[in-house]
Protein chains: 4
Amino acid sequence: MPKTVTLGTGLAIGGDGFVVMAGPCAVETRELLLGAAQAVAAAGAVVLRGGAFKPRTSPDSFQGLGAAGLELLTEASRLTGLPVVTEVMDPRDVPLVAAHAAMLQVGSRNMQNFPLLREVGRQRRPVLLKRGAAATLDELLLAAEYIRREGNEDIVLCERGVRSFDPTTRYLLDLAAVPALRRRTDLPIVVDPSHGTGDAALVPPMAKAALAAGADGLLIEVHMAPEQALCDGKQALRPAAFSALMADLRRLAPAVGRHWVRADARTGTIAAPRSGAAARDHLDDGVIAP
Amino acid sequence: MPKTVTLGTGLAIGGDGFVVMAGPCAVETRELLLGAAQAVAAAGAVVLRGGAFKPRTSPDSFQGLGAAGLELLTEASRLTGLPVVTEVMDPRDVPLVAAHAAMLQVGSRNMQNFPLLREVGRQRRPVLLKRGAAATLDELLLAAEYIRREGNEDIVLCERGVRSFDPTTRYLLDLAAVPALRRRTDLPIVVDPSHGTGDAALVPPMAKAALAAGADGLLIEVHMAPEQALCDGKQALRPAAFSALMADLRRLAPAVGRHWVRADARTGTIAAPRSGAAARDHLDDGVIAP
Amino acid sequence: MPKTVTLGTGLAIGGDGFVVMAGPCAVETRELLLGAAQAVAAAGAVVLRGGAFKPRTSPDSFQGLGAAGLELLTEASRLTGLPVVTEVMDPRDVPLVAAHAAMLQVGSRNMQNFPLLREVGRQRRPVLLKRGAAATLDELLLAAEYIRREGNEDIVLCERGVRSFDPTTRYLLDLAAVPALRRRTDLPIVVDPSHGTGDAALVPPMAKAALAAGADGLLIEVHMAPEQALCDGKQALRPAAFSALMADLRRLAPAVGRHWVRADARTGTIAAPRSGAAARDHLDDGVIAP
Amino acid sequence: MPKTVTLGTGLAIGGDGFVVMAGPCAVETRELLLGAAQAVAAAGAVVLRGGAFKPRTSPDSFQGLGAAGLELLTEASRLTGLPVVTEVMDPRDVPLVAAHAAMLQVGSRNMQNFPLLREVGRQRRPVLLKRGAAATLDELLLAAEYIRREGNEDIVLCERGVRSFDPTTRYLLDLAAVPALRRRTDLPIVVDPSHGTGDAALVPPMAKAALAAGADGLLIEVHMAPEQALCDGKQALRPAAFSALMADLRRLAPAVGRHWVRADARTGTIAAPRSGAAARDHLDDGVIAP
C-alpha cells in the first residue's frame with residue numbers, strides 16, 4: 001500500500017492522485033511571485049514552489065532574497081490558498097523555513113548533506129528530497145533513510161536529472177527511476193522536468209512522459225517573464241504554456257489510471273480513482289476556475 | 001511536415017500514427033520465433049523484430065543463426081503478414097539481409113561504423129538506426145546523414161539508452177532525446193525500452209512514457225520463455241505482459257494525439273488522427289483480433 | 001607565480017615542492033590512529049589526514065567519533081609533529097574543527113554546500129576543497145570562489161575521481177584535471193588516488209601518475225589493518241605498501257622537476273628546486289628518519 | 001610473464017621497454033606526412049602512426065586519402081625506417097591495409113565491430129585495439145578475445161579516454177585502466193593522450209602520467225602545422241613540443257623502472273632493463289640522432 005504524504009492543508013501526495021507543484025525558480029520580486037502564484041493556481045497547480053534561499057554555482061549569481069523571500073511566499077500562499085514548498089540549504093535555517101513552508105525541499109546539491117538531512121528529519125514538515133545529479137537510486141533511498149531515522153517519515157522523492165555527456169540537455173532526466181524506485185519504496189515519487197532538461201521546450205513532453213511513467217506528481221518552473229528571470233529562465237514555462245500543458249496532463253491522467261488532484265482536495269474526501277469509461281466522463285473534474 | 005518512412009508492405013512509420021515493432025531479441029528456434037511472431041501480431045504489433053546476426057559482447061555468447069535465421073524470419077513474416085526488421089552488422093551481408101527484411105537495423109554498436117552506414121545507404125530498404133550508447137544527438141544525426149548521402153532517405157531513428165553510472169538499469173533511457181530530436185529532424189523517432197532499461201518490469205512504464213514523450217513507435221522484445229532465452233532474457237516481456245501493455249498503449253495513444261496503426265494499414269488510407277471526444281469513441285480501433 | 005598555502009606549522013603546499021598527506025579514512029580507535037600516524041610520519045608524509053566527522057552514504061555505517069575523534073587527532077599531531085587535515089561537514093562545527101586542525105577539508109559531497117563554503121571562508125585555517133563526483137572544473141573553481149569571497153584565500157583543490165560507468169573502479173580519477181586546472185588557477189592542486197580508485201592495488205600507480213601529471217601533492221589513505229577498517233578499507237594501503245610507494249615517489253619527484261617536501265620544512269627555508277644531474281645526486285634528500 | 005608483441009621490423013612492445021608511436025592524425029599530403037615522419041623519428045618515436053581511412057563523425061569532414069594514403073605511409077616508413085600503424089575500418093579493407101602496415105589499428109568506434117575484429121584476427125599483423133568511448137574494461141578484453149579466437153594473439157590494448165560530463169576535455173583519460181587491465185591480461189597496454197584529452201597542452205602531462213601509471217607506450221599525434229590540419233588539429237603537438245616531451249619521457253622512464261626502446265631495437269638484443277644508479281648513468285641511451 002503506497003504511502004501518502006499529507007501537507008498541512010490536507011493535500012495528499014501519493015496514492016492514485018497526481019499533483020502538480022509549480023512556480024518560479026526563485027522569489028525575485030513581490031509582483032513576479034504573486035503573478036506566477038496566481039497563474040499556476042488558475043491552471044490547476046496544487047502546491048506553489050519558489051526559492052528564497054538559492055544554491056547557485058557561482059557566488060556572482062543571484063542568491064535569493066532569504067527571509068524576505070519567505071515572507072513573500074507566505075503572502076502568495078495566503079492569496080492563492082496553495083501550500084508552499086521551498087528549499088532549505090543550511091541546517092541553521094530549518095526552523096525559519098519550516099515556519100513559512102508546508103514542505104521543505106532538500107535540493108539536489110544537498111542530497112548527501114547529512115547534517116541538513118538530520119535537521120529536516122527532526123522537524124515535522126514533510127520533506128521533498130531531490131536526487132543528486134550523480135546519485136544512484138540506492139544513495140537516494142539511503143539519504144531518505146537519514147531523514148526517517150530522525151522521526152520524520154513524510155518524504156517525497158524527486159527525480160530531476162543526472163549528469164551525462166550530451167550537452168543537448170542540461171541534465172539527463174532518468175524517468176526509469178520512477179518505476180525502479182516504486183519497486184523499492186512506498187514513498188511518493190515526483191519528477192522535475194524543468195531542471196531535468198534545462199529547456200522550456202522539452203518540459204511539456206517530459207512532464208507527460210513522467211505522468212505516463214507512473215510519477216505521483218511534477219515540479220515545474222513557471223515565470224511571468226522567463227527572459228528576465230534571475231535564475232534558470234531558459235527552463236521556465238510562461239503561464240500560457242503551463243496552462244496548455246496542464247490541460248494535456250488532465251486529459252492524460254485518467255488514461256494512465258490517475259485522478260487529478262484539485263487544490264481544494266482534502267485527505268479522506270478525495271473520490272476513489274476512476275478508470276475505463278467512467279474516467280473519461282469525468283475529464284472535466286480537473287478544470288479549476290478561474 | 002514530418003516525413004513518414006514506408007515499408008514495402010505499405011506500413012508507414014511517422015506522422016500521427018504510432019507503431020509497435022516487437023519480437024525476440026534473437027532468432028533461436030523455429031518454434032520460439034513463430035510463437036513469438038504470432039503472439040506479437042495478435043497483440044497488435046505491426047512489425048516483427050528478431051536478430052539473425054547478433055552483436056554480442058563476448059565471443060562465448062550465442063552469435064545468432066545467421067542466414068538460417070533470416071529464412072526463419074521470412075517464414076514468420078509470411079505466417080503473420082508482419083514485415084520484418086532485423087540487424088545487419090557486416091557491410092558484406094547487406095544484400096543478403098535486404099533480401100529477407102523490410103527494414104535493416106543498424107545497431108547501437110555500429111552507429112559509427114561508417115562503411116556499414118554507407119552500404120545500407122546504397123540499397124533501397126528503409127533503415128532503423130539506433131543511437132550509440134555514448135553518442136550525442138549530434139552524432140546520431142550525422143550518422144543518419146552518412147546513410148542519406150548515399151541516396152537512402154528512409155531512416156528511422158531509435159533511442160535505446162545511454163551509458164550511465166547507476167547499475168540499477170542496464171542503460172539510461174534518454175526520453176528527452178525524442179522531443180530534442182524532433183526539433184532538429186523530420187525523421188521518425190522510435191524508442192527501445194527493452195535495451196534502454198534491460199529489465200522487463202520497467203519496459204511497460206517506459207513504453208508508455210515514450211509514447212507520451214512524442215515517440216512515433218516502439219521496439220519491444222517479446223519472448224515465449226524469457227528464462228530460457230539465449231540473449232537478453234531479463235529484458236523480454238512474455239506474450240501476456242506484452243498484450244496487457246498493448247492494451248494500455250492503445251488507450252493512451254489518443255490522449256496524446258496519436259492514432260493507433262494497425263497491421264493492415266496502408267499509406268494513404270489511414271484515417272486522419274482524431275482528438276478530443278471523438279478520439280475517445282474510437283479507442284477500439286486499435287483492437288486487432290488474432 | 002603559483003600560490004603556496006602555508007599551514008600553521010610552516011609547511012607550504014604548492015610551488016615546486018611535493019607533499020604527501022596520509023592517514024586513515026576515519027579515526028576509529030586511539031591505538032589505530034596513533035599507529036597509522038607514526039607509520040605515515042616515518043614514511044615521509046608531512047600532513048596527517050583522518051576523519052572525525054564522516055559523511056557516510058548509509059545511516060547504518062560508522063559515522064565517525066566526532067569531537068572525541070578530534071581530540072585523538074590532536075594527540076596524534078602532537079606525537080608525530082604532523083599538522084592535521086580533517087573534514088568538516090556542518091557549518092556549526094567549523095569553529096570546533098578549526099580548533100583542532102591545521103587545515104579543514106570540505107568533502108566531495110559538500111563541494112556545493114554553500115553555507116559550509118561560506119563558513120570555512122570566514123575562519124583563518126587553510127581549506128582543502130575536494131571536487132564533487134559530478135562537478136565540472138568550472139564548478140570546482142566557483143566553489144573555491146565562495147570561500148575566497150569570505151576572505152580566506154588559502155585553498156588547496158583536490159581531484160578525487162568522478163562518477164563514471166565502469167564498475168571496475170569506484171570513481172574515475174581525472175588526472176587531466178590537474179594540468180587543466182593549472183591553466184586556470186594559481187591554487188595548489190592535490191590528488192586523492194584512494195577515493196579516486198577505491199582499490200588499494202591501484203593507489204601506487206595512480207599516485208605516481210598524479211605526481212607526473214603535475215600535482216602538488218597527494219592525499220592517501222593508510223590503515224594499520226585495512227581488513228578491519230570501519231570505513232573504506234578496500235582502498236587503504238598498509239604501512240609497508242605506503243612506505244614502498246613513498247620511496248618510489250621520492251625517486252620520481254626530481255625526474256619531473258619536483259623537490260620532496262620534508263616534515264620539518266619551513267616556508268622560506270626550503271632549498272630551491274633542483275633539476276637535471278644535480279637533482280639526481282640528491283635523491284636521498286627525501287629519506288626522513290622517524 | 002607479460003607478453004610482448006613484436007612488429008615485423010623486430011620492434012617489441014611490452015615487457016620492460018617503453019615505446020612511443022607518433023605521427024599525424026590523418027595522412028593529408030606527402031609533404032606533411034614525410035615532414036612529420038622525419039620529425040617524430042628524429043625525436044625518438046619508434047612507430048609511425050597516421051590514418052589513411054578516417055572514421056569521421058560528419059560525412060562533410062575529410063575522410064582520409066584511402067589507398068593513396070597507404071602508399072604515402074609506406075614511403076614514409078621506408079624513408080624513416082619506422083614501422084607503420086594505421087587504422088582499418090572496413091573488413092573488406094583488411095588485406096589492403098595489412099599489405100602496407102606493420103600493425104593494424106581498430107579504432108575506438110569499432111571496438112565492438114565484430115566482423116572487423118574477426119577479420120583482423122584472421123590475418124597475421126599485430127593489432128592495436130582501442131577502447132571504445134563507453135566501453136568497460138570487461139568489454140575491451142572481450143573484444144580482444146574476438147581477435148584471439150581467430151588465431152591472432154598479437155594484440156596491444158589502448159586506453160584513449162571515455163565519454164564524460166565535463167566539456168573541459170574531449171574525453172576523460174582513464175589512466176587507472178592501465179594498472180586495472182594489467183591485473184587481468186598479459187597483453188601490452190598503451191595510452192593515447194591526444195584523443196584522450198583533445199587538447200595539445202594537456203598531452204605532455206598526461207603522457208608522463210601514463211608512463212608513471214605503468215603504460216607500455218604512447219600513441220601521440222604530431223603535425224607539422226596543427227592549425228592547418230584537416231583532422232583533430234587542436235590535439236596535435238608541433239615537432240618542437242613533441243621533441244621536448246620525448247626528452248622529459250626519456251628522463252622519467254628509468255625512474256619508473258622502464259627502459260627506453262630505440263628505433264633500431266631488435267627482439268632479443270635489447271639490453272636488460274636497468275634500474276637505480278646504473279639507469280641514471282644511461283639516460284642518454286634514448287637520444288637518437290636523426
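Note: the structure precedes this text.
Owing to the predicted nature of the structure, the values given are computational and were not obtained by experimental measurement. (Residues numbered from 1 in each chain as written. Chains lettered and ligands numbered in written order. Predicted model: local features only at pLDDT ≥ 70, side-chain atom pairs only at ≥ 80, totals over all residues. Heavy atoms only, no water.)

Describe the pattern of salt bridges, and please don't skip the residues or the numbers.
A complete count under the given rule lists 92 salt bridges over all chains for this structure. Among the salt bridges present, the one from D60(B) reaches R149(D), with a minimum N-O distance of 2.7 Å. Taken together, the residues D60(B) in the loop between β4 (47-49) and α2 (67-80) and R149(D) in helix α5 (residues 137-149) connect one chain to another. Owing to a relative accessible area of 58%, D60(B) belongs among the exposed residues under this scheme. For R149(D), a relative accessible area of 42% puts it in the partly exposed group. A single network of salt bridges, built from pairs that share partners, joins D90(A), R92(A), E119(C), R122(C) and E150(C). (Salt bridge = Lys/Arg side-chain N within 4 Å of Asp/Glu carboxyl O. Helix = DSSP H or I, 4+ residues; strand = E, 2+ residues; numbered from the N terminus. Buried < 20%, exposed > 50% of the residue type's maximum accessible area, 1.4 Å probe, protein only.)

How would you sum up the relation of the copies chain A and chain B? Please name residues and give values.
Superposing chain A onto chain B takes a rotation of 180° plus a shift of 0.0 Å along the axis, which leaves an RMSD of 0.0 Å. Such a turn and shift between the copies fits a two-fold axis. Within chain A, the C-alpha atom positioned nearest to the axis of rotation is that of A209(A), 2.0 Å from it. The overlap is high: 100% of the interface residues of chain A also sit at the interface in chain B, so the same surface is used on both sides. (Least-squares fit on C-alpha atoms with pLDDT ≥ 70 in both. Contact = heavy atoms within 4.5 Å.)

Please provide a residue-by-residue account of the relation of the copies chain C and chain A, values included.
Mapping chain C onto chain A is achieved by rotating through 180° and translating by 0.0 Å along the same axis, at an RMSD of 0.0 Å. Both copies share a contact surface, since 100% of the interface residues of chain C are interface residues in chain A too.

Quick rundown of the interface of chain A and chain B? Include the residues and the values.
Chain A puts 38 residues into the contact, and the matching count from chain B is 38 residues. In total, about 2900 Å² of surface goes out of reach between chain A and chain B, with carbon and sulfur atoms giving 71% of it. At the boundary of chain A with chain B, the tally comes to four salt bridges. Here chain A and chain B share six residue pairs in polar contact (both at pLDDT 80 or more) between them. Mapped by element, the contributors of at least two residues to the side of chain A that touches chain B are α6 (177-182), α8 (203-213) and α9 (239-252) of chain A. Residue contributions to the side of chain A that touches chain B peak at six residues, all from α8(A). In terms of residue class, the side of chain A that touches chain B is built from 24 nonpolar, five polar and nine charged. (Buried area = accessible area lost by both parts, 1.4 Å probe. Polar contact = N/O pair within 3.5 Å; in protein donor to acceptor, adjacent residues only side chain to side chain. Nonpolar A, V, L, I, M, F, W, Y, C, P; charged D, E, K, R; others polar.)

Break down α9(A) for me, citing the residues and quoting the values.
Spacing of three or four residues puts side chains on the same side of an α-helix, whose turn is 3.6 residues. Residues and elements named next belong to chain A. Relative to the 20 Å expected for 14 residues at 1.5 Å per residue, α9 spans 20 Å between its end C-alpha atoms, a close match to the ideal helical length. By the burial criterion, the buried members of α9 are F242, L245, M246, L249, R250 and L252. Around the axis of α9, the buried residues are gathered within 155° of arc, so they sit on the same side. (Expected span 1.5 Å × (residues − 1). Arc of directions from axis to C-beta.)

Summarise the packing of helix α1 (residues 30-43) of chain D against helix α2 (residues 67-80) of chain D; cite the residues concerned and give the values.
Residue and element names in this part refer to chain D. Relative to each other, α1 and α2 sit at 35°, their axes nearing to 10 Å. The crossing of α1 and α2 is right-handed. Across the interface between the two elements, R30, L33, L34, A37, Q38 and A41 from α1 touch L72, L73, E75, A76, L79 and T80 from α2. Among the residues making up the contact of α1 with α2, the classes are represented as eight nonpolar, two polar and two charged. (Axes fitted to C-alpha atoms, helices over the stretch in contact; angles between N-to-C directions. Left-handed = near helix turned anticlockwise from the far one by under 90°.)

An account of unusual backbone geometry is requested, with residue identities and associated values reported.
We note that D232(B) has phi near 55°; this positive angle belongs to a residue other than glycine. Along the chain, the position of D232(B) falls in the loop between β10 (217-221) and α9 (239-252).

Provide a residue-level description of the packing of aromatic side chains, including the pertinent values.
Applying the stated criterion across every chain, the model contains eight aromatic pairs over all chains. Seen in terms of ring centroids, F18(B) and W260(B) are 6.3 Å apart; in terms of plane orientation they differ by 35°. Their pairing is tilted. Here W260(B) lies in strand β11 (residues 259-260) and F18(B) lies in strand β3 (residues 17-23), a separation of 242 residues in the sequence. We note that F18(B), like W260(B), is buried. The lysine or arginine in question, R160(A), covers the ring of Y171(A), its NZ or CZ lying 4.2 Å from the ring centre. (Phe/Tyr/Trp six-rings, centres within 6.5 Å; stacked < 30°, edge-to-face > 60°. Lys NZ or Arg CZ within 6 Å of the ring centre and 35° of its normal.)

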